[in-house]
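# Remarks on the overall topology
Read off the chains here:
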Amino acid sequence: MSQEQFDKIKNGKGFIAALDQSGGSTPKALKDYGIDEDQYNSEDEMFTLVHEMRTRIITSPAFNADKILGAILFEQTMDREVEGKYTSNYLADKGIVPFLKVDKGLADEENGVQLMKPIEGLDELLKRAKDRNVFGTKMRSNILEANKEAITKVVQQQFEIGKQIIEAGLVPIIEPEVNINAKDKEEIEDILTEEIAKELDKLNDDQFVMLKLTIPTKPNQYKSLIEHPNVIRVVALSGGYSRDKANELLKENEGLIASFSRALVTDLFAGQSKEEFDKGLADAVESIYDASVNKN
(Lines give C-alpha, C1' and ligand atoms only; values in the text may rest on other atoms or scores of the structure.)
Protein backbone atom coordinates (compact mmCIF):
# COMPACT_ATOMS: atom_id res chain seq x y z
CA MET A 1 0.00 0.00 0.00
CA SER A 2 1.10 3.60 -0.57
CA GLN A 3 2.46 5.21 2.60
CA GLU A 4 1.45 8.62 1.25
CA GLN A 5 -2.16 7.47 0.79
CA PHE A 6 -2.11 5.80 4.22
CA ASP A 7 -0.96 9.00 5.91
CA LYS A 8 -3.51 11.13 4.07
CA ILE A 9 -6.43 8.91 5.08
CA LYS A 10 -5.23 8.50 8.68
CA ASN A 11 -4.25 12.09 9.42
CA GLY A 12 -5.79 14.29 6.74
CA LYS A 13 -8.56 16.85 7.31
CA GLY A 14 -11.62 16.24 5.18
CA PHE A 15 -14.04 13.49 4.23
CA ILE A 16 -14.50 10.60 1.82
CA ALA A 17 -16.97 10.97 -1.05
CA ALA A 18 -19.09 7.92 -1.86
CA LEU A 19 -19.66 7.70 -5.64
CA ASP A 20 -20.34 3.97 -5.68
CA GLN A 21 -23.99 3.48 -6.63
CA SER A 22 -24.09 0.18 -8.53
CA GLY A 23 -26.58 -1.68 -10.74
CA GLY A 24 -29.54 -1.76 -8.37
CA SER A 25 -29.27 1.82 -7.16
CA THR A 26 -28.17 3.47 -10.41
CA PRO A 27 -31.68 4.17 -11.83
CA LYS A 28 -32.63 6.05 -8.65
CA ALA A 29 -29.33 7.95 -8.65
CA LEU A 30 -29.98 9.04 -12.24
CA LYS A 31 -33.60 9.94 -11.47
CA ASP A 32 -32.50 12.12 -8.55
CA TYR A 33 -30.04 13.75 -10.97
CA GLY A 34 -32.89 14.50 -13.37
CA ILE A 35 -32.55 11.62 -15.87
CA ASP A 36 -35.64 9.37 -16.02
CA GLU A 37 -35.60 5.72 -17.09
CA ASP A 38 -37.24 6.56 -20.43
CA GLN A 39 -34.11 8.53 -21.39
CA TYR A 40 -31.97 5.39 -21.84
CA ASN A 41 -32.65 2.06 -23.55
CA SER A 42 -30.10 -0.36 -22.13
CA GLU A 43 -27.94 -1.06 -19.11
CA ASP A 44 -24.88 0.08 -21.03
CA GLU A 45 -26.53 3.44 -21.82
CA MET A 46 -27.53 3.74 -18.16
CA PHE A 47 -23.96 3.18 -16.95
CA THR A 48 -22.62 5.60 -19.57
CA LEU A 49 -24.97 8.28 -18.24
CA VAL A 50 -24.01 7.67 -14.63
CA HIS A 51 -20.32 7.76 -15.59
CA GLU A 52 -20.92 11.12 -17.26
CA MET A 53 -22.51 12.32 -14.01
CA ARG A 54 -19.56 11.08 -11.95
CA THR A 55 -17.07 12.56 -14.41
CA ARG A 56 -18.80 15.92 -14.04
CA ILE A 57 -18.41 15.64 -10.24
CA ILE A 58 -14.82 14.39 -10.25
CA THR A 59 -13.54 16.99 -12.74
CA SER A 60 -15.27 19.91 -10.99
CA PRO A 61 -12.88 22.35 -9.29
CA ALA A 62 -15.06 21.94 -6.18
CA PHE A 63 -14.03 18.27 -5.99
CA ASN A 64 -10.51 18.78 -4.75
CA ALA A 65 -7.94 17.28 -2.40
CA ASP A 66 -8.06 20.24 -0.02
CA LYS A 67 -11.34 18.98 1.48
CA ILE A 68 -11.86 15.49 0.00
CA LEU A 69 -9.50 12.79 1.26
CA GLY A 70 -10.81 9.93 -0.86
CA ALA A 71 -13.59 8.71 -3.13
CA ILE A 72 -15.32 5.32 -3.30
CA LEU A 73 -15.98 4.03 -6.82
CA PHE A 74 -18.12 1.30 -8.35
CA GLU A 75 -16.24 -1.34 -10.39
CA GLN A 76 -17.51 0.00 -13.73
CA THR A 77 -16.41 3.50 -12.77
CA MET A 78 -12.91 2.26 -11.98
CA ASP A 79 -12.79 0.51 -15.37
CA ARG A 80 -13.90 3.61 -17.30
CA GLU A 81 -11.81 6.68 -18.06
CA VAL A 82 -11.88 10.35 -17.11
CA GLU A 83 -9.95 12.64 -19.46
CA GLY A 84 -7.98 9.71 -20.89
CA LYS A 85 -7.05 8.08 -17.57
CA TYR A 86 -8.68 5.29 -15.59
CA THR A 87 -10.94 7.01 -13.04
CA SER A 88 -8.92 5.76 -10.05
CA ASN A 89 -5.67 6.99 -11.62
CA TYR A 90 -7.27 10.37 -12.38
CA LEU A 91 -8.31 10.71 -8.73
CA ALA A 92 -4.89 9.63 -7.45
CA ASP A 93 -3.21 12.20 -9.71
CA LYS A 94 -5.59 14.80 -8.25
CA GLY A 95 -4.46 13.87 -4.73
CA ILE A 96 -7.70 12.07 -3.83
CA VAL A 97 -7.31 8.49 -2.55
CA PRO A 98 -9.37 5.96 -4.58
CA PHE A 99 -11.43 3.20 -2.96
CA LEU A 100 -13.48 0.47 -4.67
CA LYS A 101 -16.84 -1.01 -3.72
CA VAL A 102 -16.37 -4.79 -3.99
CA ASP A 103 -19.55 -6.35 -2.61
CA LYS A 104 -22.18 -7.81 -4.96
CA GLY A 105 -25.19 -6.66 -2.97
CA LEU A 106 -27.18 -8.03 -0.08
CA ALA A 107 -28.76 -11.41 0.60
CA ASP A 108 -32.41 -11.55 1.69
CA GLU A 109 -33.16 -10.43 5.23
CA GLU A 110 -32.86 -13.18 7.82
CA ASN A 111 -33.05 -12.73 11.60
CA GLY A 112 -33.07 -8.96 11.26
CA VAL A 113 -29.93 -8.63 9.12
CA GLN A 114 -28.80 -8.84 5.52
CA LEU A 115 -25.47 -10.53 4.98
CA MET A 116 -23.47 -9.91 1.82
CA LYS A 117 -23.95 -12.13 -1.20
CA PRO A 118 -20.88 -14.21 -2.19
CA ILE A 119 -18.26 -12.02 -3.89
CA GLU A 120 -17.29 -13.96 -7.01
CA GLY A 121 -13.93 -13.15 -8.62
CA LEU A 122 -12.74 -11.07 -5.67
CA ASP A 123 -9.04 -11.95 -6.00
CA GLU A 124 -8.94 -10.86 -9.65
CA LEU A 125 -10.84 -7.66 -8.85
CA LEU A 126 -8.43 -6.80 -6.02
CA LYS A 127 -5.43 -7.34 -8.29
CA ARG A 128 -6.93 -5.03 -10.93
CA ALA A 129 -7.70 -2.42 -8.30
CA LYS A 130 -4.17 -2.51 -6.91
CA ASP A 131 -2.77 -2.02 -10.42
CA ARG A 132 -4.88 1.15 -10.72
CA ASN A 133 -3.75 3.03 -7.60
CA VAL A 134 -6.73 1.92 -5.48
CA PHE A 135 -5.90 2.09 -1.76
CA GLY A 136 -8.85 0.29 -0.23
CA THR A 137 -12.23 -1.35 -0.69
CA LYS A 138 -15.74 -1.03 0.69
CA MET A 139 -18.39 -3.68 1.33
CA ARG A 140 -21.80 -3.19 2.92
CA SER A 141 -24.05 -5.32 5.12
CA ASN A 142 -27.35 -4.18 6.65
CA ILE A 143 -28.65 -4.48 10.22
CA LEU A 144 -32.31 -3.86 11.02
CA GLU A 145 -32.88 -5.51 14.42
CA ALA A 146 -31.01 -6.06 17.70
CA ASN A 147 -30.38 -9.78 17.16
CA LYS A 148 -26.97 -10.39 18.76
CA GLU A 149 -26.29 -13.70 17.03
CA ALA A 150 -27.17 -12.30 13.61
CA ILE A 151 -25.14 -9.11 14.16
CA THR A 152 -22.16 -11.28 15.13
CA LYS A 153 -22.51 -13.13 11.80
CA VAL A 154 -22.53 -9.83 9.92
CA VAL A 155 -19.35 -8.65 11.63
CA GLN A 156 -17.57 -11.98 11.25
CA GLN A 157 -18.39 -12.13 7.53
CA GLN A 158 -17.07 -8.58 7.07
CA PHE A 159 -13.79 -9.34 8.82
CA GLU A 160 -13.32 -12.70 7.12
CA ILE A 161 -13.45 -11.06 3.69
CA GLY A 162 -11.57 -8.06 5.07
CA LYS A 163 -8.58 -10.28 5.85
CA GLN A 164 -8.58 -11.52 2.24
CA ILE A 165 -8.47 -7.89 1.11
CA ILE A 166 -5.61 -7.11 3.51
CA GLU A 167 -3.68 -10.10 2.08
CA ALA A 168 -4.06 -8.54 -1.36
CA GLY A 169 -2.35 -5.37 -0.11
CA LEU A 170 -5.45 -3.18 0.21
CA VAL A 171 -7.30 -1.69 3.17
CA PRO A 172 -10.91 -2.87 3.66
CA ILE A 173 -13.65 -0.49 4.73
CA ILE A 174 -15.88 -2.64 6.95
CA GLU A 175 -19.46 -1.35 6.58
CA PRO A 176 -22.15 -3.00 8.75
CA GLU A 177 -24.83 -0.33 8.21
CA VAL A 178 -27.46 0.11 10.92
CA ASN A 179 -30.82 1.14 9.45
CA ILE A 180 -31.62 4.65 10.74
CA ASN A 181 -35.27 3.65 11.25
CA ALA A 182 -34.54 0.56 13.37
CA LYS A 183 -36.70 0.79 16.50
CA ASP A 184 -33.85 -0.50 18.69
CA LYS A 185 -31.05 1.39 16.92
CA GLU A 186 -29.15 2.30 20.09
CA GLU A 187 -29.17 -1.30 21.32
CA ILE A 188 -27.96 -2.49 17.90
CA GLU A 189 -25.08 -0.02 18.09
CA ASP A 190 -24.06 -1.27 21.55
CA ILE A 191 -23.92 -4.86 20.23
CA LEU A 192 -22.13 -3.77 17.06
CA THR A 193 -19.44 -1.87 18.99
CA GLU A 194 -18.72 -4.92 21.11
CA GLU A 195 -18.59 -7.35 18.18
CA ILE A 196 -16.38 -5.11 16.04
CA ALA A 197 -13.98 -4.65 18.98
CA LYS A 198 -13.69 -8.45 19.35
CA GLU A 199 -12.69 -8.82 15.69
CA LEU A 200 -10.28 -5.88 15.81
CA ASP A 201 -8.50 -7.43 18.78
CA LYS A 202 -7.83 -10.58 16.71
CA LEU A 203 -5.89 -8.66 14.03
CA ASN A 204 -2.11 -8.64 13.85
CA ASP A 205 -0.26 -5.38 14.41
CA ASP A 206 0.23 -4.89 10.66
CA GLN A 207 -3.41 -5.58 9.67
CA PHE A 208 -5.32 -2.33 9.24
CA VAL A 209 -8.99 -1.65 8.50
CA MET A 210 -11.35 1.26 8.20
CA LEU A 211 -14.92 1.30 9.46
CA LYS A 212 -17.95 2.88 7.80
CA LEU A 213 -20.82 3.15 10.28
CA THR A 214 -24.22 4.77 10.57
CA ILE A 215 -24.06 7.97 12.64
CA PRO A 216 -24.87 6.66 16.14
CA THR A 217 -27.84 7.58 18.30
CA LYS A 218 -25.53 8.15 21.30
CA PRO A 219 -22.79 10.69 20.50
CA ASN A 220 -19.24 9.24 20.58
CA GLN A 221 -20.59 5.68 20.67
CA TYR A 222 -17.67 4.61 18.49
CA LYS A 223 -14.88 6.49 20.31
CA SER A 224 -13.15 3.26 21.40
CA LEU A 225 -13.20 1.96 17.81
CA ILE A 226 -11.83 5.25 16.45
CA GLU A 227 -8.93 4.95 18.91
CA HIS A 228 -8.18 1.27 18.21
CA PRO A 229 -4.61 0.80 16.88
CA ASN A 230 -5.76 -1.37 13.95
CA VAL A 231 -8.26 1.25 12.72
CA ILE A 232 -6.97 3.84 10.25
CA ARG A 233 -10.19 5.91 10.21
CA VAL A 234 -13.87 5.64 11.02
CA VAL A 235 -16.24 7.27 8.54
CA ALA A 236 -19.98 7.79 8.68
CA LEU A 237 -22.65 7.13 6.08
CA SER A 238 -25.59 9.51 5.74
CA GLY A 239 -28.02 6.58 5.71
CA GLY A 240 -31.02 8.46 4.35
CA TYR A 241 -30.72 11.53 6.57
CA SER A 242 -30.86 14.88 4.78
CA ARG A 243 -27.48 16.56 4.41
CA ASP A 244 -28.32 19.15 7.07
CA LYS A 245 -29.42 16.46 9.55
CA ALA A 246 -26.46 14.20 8.80
CA ASN A 247 -24.05 17.11 9.26
CA GLU A 248 -25.73 18.12 12.52
CA LEU A 249 -25.44 14.60 13.94
CA LEU A 250 -21.90 14.14 12.64
CA LYS A 251 -20.69 17.23 14.49
CA GLU A 252 -21.61 15.55 17.79
CA ASN A 253 -19.09 12.74 17.21
CA GLU A 254 -15.42 13.50 17.85
CA GLY A 255 -13.06 11.87 15.35
CA LEU A 256 -15.84 10.67 13.03
CA ILE A 257 -15.71 12.01 9.45
CA ALA A 258 -18.23 11.78 6.63
CA SER A 259 -18.46 9.33 3.77
CA PHE A 260 -21.71 10.60 2.28
CA SER A 261 -23.34 9.55 -0.99
CA ARG A 262 -26.85 10.94 -1.49
CA ALA A 263 -26.21 13.78 0.95
CA LEU A 264 -23.27 14.89 -1.22
CA VAL A 265 -25.10 15.04 -4.56
CA THR A 266 -28.62 15.99 -3.51
CA ASP A 267 -28.45 19.47 -5.14
CA LEU A 268 -26.81 18.37 -8.40
CA PHE A 269 -28.88 18.05 -11.58
CA ALA A 270 -28.23 17.20 -15.23
CA GLY A 271 -29.79 20.42 -16.52
CA GLN A 272 -27.63 22.77 -14.47
CA SER A 273 -25.08 25.05 -16.09
CA LYS A 274 -21.43 24.46 -15.22
CA GLU A 275 -21.55 27.43 -12.84
CA GLU A 276 -24.72 26.18 -11.10
CA PHE A 277 -23.38 22.63 -10.85
CA ASP A 278 -19.98 23.67 -9.49
CA LYS A 279 -21.58 25.98 -6.93
CA GLY A 280 -24.01 23.29 -5.76
CA LEU A 281 -21.14 20.84 -5.35
CA ALA A 282 -18.91 23.43 -3.65
CA ASP A 283 -21.64 24.24 -1.12
CA ALA A 284 -22.15 20.53 -0.35
CA VAL A 285 -18.41 19.88 -0.03
CA GLU A 286 -17.94 22.87 2.27
CA SER A 287 -20.78 21.88 4.62
CA ILE A 288 -19.71 18.21 4.84
CA TYR A 289 -16.08 19.20 5.35
CA ASP A 290 -17.10 21.56 8.14
CA ALA A 291 -19.12 18.83 9.89
CA SER A 292 -16.20 16.41 9.57
CA VAL A 293 -13.50 18.65 11.03
CA ASN A 294 -15.33 21.09 13.34
CA LYS A 295 -17.02 19.39 16.27
CA ASN A 296 -19.47 20.72 18.85
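Residues numbered from 1 in each chain as written. Predicted model: local features only at pLDDT ≥ 70, side-chain atom pairs only at ≥ 80, totals over all residues. Heavy atoms only, no water.

### Describing the packing of helix 10 (residues 243-250) against helix 12 (residues 274-293)
How we decide: Only the stretch in contact is used when a helix axis is fitted, and all axes are lines through C-alpha atoms; the angle between N-to-C directions ranges over 0 to 180 degrees. Helix and strand definitions follow DSSP, with helices as H or I runs of at least four residues and strands as E runs of at least two, each counted in order from the N terminus. Here the word oblique covers every angle except those under 35 degrees (roughly parallel), over 145 (roughly antiparallel) and from 65 to 115 (roughly perpendicular). Each helix crossing is assigned a hand: it is left-handed if the near helix lies turned anticlockwise from the far helix by less than a right angle, otherwise right-handed if that turn is clockwise. The contact definition used throughout considers only heavy atoms, calling two residues in contact when any of these lie within 4.5 Å.
Axis separation between helix 10 and helix 12 bottoms out at 8 Å; the angle between their running directions is 20°. Taken together, the axes of helix 10 and helix 12 lie roughly parallel to each other. The hand of the helix 10/helix 12 crossing is left-handed. Across from Arg-243, Asn-247 and Leu-250 in helix 10, the residues of helix 12 making contact are Ala-284, Ser-287, Ile-288, Ala-291 and Ser-292.

### A few points about the packing of aromatic side chains
Our working rule: Here is the rule: rings of Phe, Tyr and Trp (six-membered ring for Trp) pair when centre to centre is within 6.5 Å. Planes less than 30 degrees apart are stacked, more than 60 are edge-to-face, and the remainder are tilted. Note on exposure labels: buried denotes an accessible area under 20% of the residue type's maximum, exposed denotes more than 50%, and partly exposed covers the range between, all computed with a 1.4 Å probe on protein chains only. Here, a charge over a ring is recorded when the distance from Lys NZ or Arg CZ to the ring centre is within 6 Å and its angle to the ring normal is within 35 degrees.
Summed over the entire model, instances satisfying the criterion amount to three aromatic pairs. Ring centres of Phe-6 and Phe-208 lie 5.3 Å apart, and the angle between their planes is 75°; on these two criteria the pair is classed as edge-to-face. Of this pair, Phe-6 sits in helix 1 (residues 3-11) while Phe-208 sits in the loop between helix 8 (185-200) and strand 9 (209-214), and the two are 202 residues apart along the sequence. Judged by its relative accessible area of 11%, Phe-6 is buried. When the ring centre of Tyr-289 is taken as origin, the NZ or CZ atom of Lys-67, which lies over that ring, is 5.2 Å away. Just above the ring of Tyr-86 sits the side chain of Arg-132; from NZ or CZ to the centre is 3.8 Å.

### A word on the UniProt feature "active site" (unreviewed entry) in the protein chain
Quick reminder of the rule: UniProt positions are given in the numbering used here, feature names are shortened, and annotations may be inferred rather than shown by experiment.
What UniProt calls "active site" (unreviewed entry) maps, in this numbering, to Glu-175 and Lys-212. Spanning 38 residues, the named residues nonetheless gather at one spot, since no C-alpha pair among them exceeds 4.7 Å. Its location among the elements puts Glu-175 in strand 8 (residues 171-178). According to the relative accessible area criterion, Glu-175 is buried, its value standing at 2%. Once residues within four sequence positions are removed from consideration, Glu-175 is found in contact with Lys-138, Met-139, Arg-140, Ser-141, Gln-158, Lys-212 and Leu-237. With respect to the element layout, Lys-212 can be found in strand 9. Overall, Lys-212 belongs to the buried group, its relative accessible area being 3%.

### Quick word on the environment of Leu-250
Inspection of the secondary structure assignment puts Leu-250 in helix 10. Leu-250 sits in the buried class, given a relative accessible area of 0%. Residues in contact with Leu-250, not counting those within four places in the same chain, are Ile-215, Ala-236, Leu-256, Ile-257, Ala-258, Phe-260, Ala-291, Ser-292 and Lys-295.

### Quick notes on the pairing of strand 8
The line we're drawing: Only strands that DSSP links by at least two bridges are regarded as paired with each other. Think of it like this: strands point away, you trace from the first strand over the helix to the second, and a clockwise trace means the crossover is right-handed.
Of all eight residues that make up strand 8, eight are buried, and the element is covered over most of its length. Neither face of strand 8 is open: one carries Val-171, Ile-173, Glu-175 and Glu-177, the other Pro-172, Ile-174, Pro-176 and Val-178, and all of them are buried. Where strand 7 (residues 136-143) and strand 8 come together, eight bridges link them in parallel fashion. Paired with Asn-142 across the two strands is Glu-177, which belongs to strand 8. Handedness of the crossover joining strand 7 and strand 8 through helix 7 (residues 148-167) is recorded here as right-handed. In the sheet, strand 8 pairs with strand 9 via two bridges, with the strands oriented parallel. Paired with Ile-174 across the two strands is Leu-211, which belongs to strand 9. Chirality of the crossover, the property in question, places the unit of strand 8, helix 8 and strand 9 among those that are right-handed.

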